[in-house]
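A closer look at the structure
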Amino acid sequence: MASKPADPARRIQGTPRVIVTRALVPSVQERMAQLFDCRFNESDTPLSREQLIEAMRDCDVLVPTVTDRIDAAMLEAGGDRMRLIASFGAGTDHLDLAAAAKRKITVTNTPSVFTEDTADLAMALIIGVPRRMREGVALVRSGEWSGWAPTAMLGRKLAGKVLGIVGMGRIGQAVAHRAKAFGLDIVYHNRKRQPEAVERMFGATYVESLDELLAQADILTLHCPSNPQSHHMIDRQAIGRMKDGACLINTARGDLVDQEALIEALEAGRLAGAGLDVYPDEPRVDARLIRHPNVMTLPHIGSATREGREDSGHKVIANIRMWADGHRPPDQALDALI
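Residues numbered from 1 in each chain as written. Predicted model: local features only at pLDDT ≥ 70, side-chain atom pairs only at ≥ 80, totals over all residues. Heavy atoms only, no water.

**Side note on the UniProt feature "domain: D-isomer specific 2-hydroxyacid dehydrogenase catalytic" (unreviewed entry) in the chain**
Mapped onto the present numbering, the UniProt feature "domain: D-isomer specific 2-hydroxyacid dehydrogenase catalytic" (unreviewed entry) falls at residues 19-331. Structurally, residues 19-331 comprises 38% helix and 14% strand, and the distance from its first C-alpha atom to its last is 19 Å. (UniProt positions renumbered as here; feature names shortened; annotations may be inferred. Helix = DSSP H or I, 4+ residues; strand = E, 2+ residues; numbered from the N terminus.)

Pasting the structure below:
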């Protein structure tokens, strides 16, 4: 099936100038350099707001990452040369899609690349927090471990516990697939209920309200996008509805959780622990989370595999090539606004 042609006004003549905001894996940068007129960030230092605007003025295509926040004012200040934002990563909450659409700037992302990698990491946290792995590692490294004892380092078994999944998209389903093998009972809440065949595949039960899911889950794992509706969806009230001794896992976005409410519940012993790969003010991680004996704090590595980063880079290249040839890119993200 032929690709839908792009707006002819957006097609450029000659080789597009591409500016990449962060260092990518060498194989991806080498291929990009062969195909386009590229400017790479060799220092890998995050660009400031002013530097991002300057880059927009000097390129046909900007390749930002999920940590480069681009709003309407920046797009306005960036002028008219840039016609494509080929974002590296699946998320688009760092981009003002409505403002880009208004300025007729095409936006692409790289969906489906990191599904398995992120699900693997989420499952590691789902296992690690109930079994107090962070605390165990710290005990051995401190030199204070006195040996095996019948009552030492008692955690919670997984089999028979209820795993509550918030967001049953690609990653949520991949987590359910893994969790089923560990004997977890799976319940989920999603904007739309999944088909019966999907539920049967994972042995998952749909829960219509988030409040009901919170009350059922021994382990709660978040797999939904960041938007105004999901901001602080796990707040003080939501945590109050969770079981005493439940665990919270977040590998999605930091602002889904009210961090102060989470810390308060952890310090009070209401929650048994948390596994976090994302934070509201990255790269800052609150010292109280780092100090807590049963909070596993990871540095946003859900997608950090060589294979995933290469695949994402090659998706960026494919999107730029299709756009430069005058066709609709395969991963155009503005559909999210429809």
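**So, the sheet that holds strand 2 (residues 37-39)**
Spatially, the five strands line up as an open sheet ordered 2-1-3-4-5, and their pairing is parallel. Of all strands in the sheet, those with a lone pairing partner are strand 2 and strand 5 (106-108), marking the two edges. Neighbour-to-neighbour, the strand axes of this sheet turn through a mean angle of 20 degrees, independent of strand direction. Contacts from helix 13 (residues 306-324) reach strand 1 (17-20), strand 3 (61-63), strand 4 (84-86) and strand 5 within the one sheet, and its direction differs from that of strand 4 by about 160 degrees. (Pairing = 2+ DSSP bridges. Axes fitted to C-alpha atoms, helices over the stretch in contact; angles between N-to-C directions. Contact = heavy atoms within 4.5 Å.)

**Looking at the packing of aromatic side chains**
On inspection of all chains with the given rule, the structure shows one aromatic pair. Pairing Tyr 188 with Tyr 206 gives two aromatic rings, centres 5.3 Å apart and planes at 55 degrees, and the pair type is tilted. Taken together, the residues Tyr 188 in strand 7 (residues 185-189) and Tyr 206 in strand 8 (residues 204-206) connect sequence positions 18 residues apart. (Phe/Tyr/Trp six-rings, centres within 6.5 Å; stacked < 30°, edge-to-face > 60°.)

**A word on the packing of helix 5 (residues 115-128) against helix 7 (residues 170-181)**
Interaxial distance between helix 5 and helix 7 falls to 9 Å at its minimum, and their mutual angle equals 50 degrees. In terms of their interaxial angle, helix 5 and helix 7 are classed as oblique. For the element pair helix 5 and helix 7, the recorded crossing hand is right-handed. Residue-level inspection shows Thr 115, Glu 116, Thr 118, Ala 119, Asp 120, Ala 122, Met 123 and Ile 126 of helix 5 in contact with helix 7, the latter providing Arg 170, Ile 171, Ala 174, Val 175, Arg 178 and Ala 179. Looking at side-chain class alone, the contact of helix 5 with helix 7 contains eight nonpolar, two polar and four charged residues. (Parallel < 35°, antiparallel > 145°, perpendicular 65-115°, else oblique. Left-handed = near helix turned anticlockwise from the far one by under 90°. Nonpolar A, V, L, I, M, F, W, Y, C, P; charged D, E, K, R; others polar.)

**Looking at the sheet that holds strand 7**
A sheet is described by the order of its strands in space; here seven strands give the open sequence 8-7-6-9-10-11-12, paired in parallel fashion. Each edge of the open sheet carries a strand with a single partner, namely strand 8 and strand 12 (295-297). Across the sheet, the axes of successive neighbouring strands diverge by a mean angle of 20 degrees, strand direction being ignored. By the bridge criterion, five bridges tie strand 10 (residues 246-250) to strand 11 (residues 271-276) in an arrangement that is parallel. Note that in strand 11 the partner of Leu 248 across the bridge is Ala 274.

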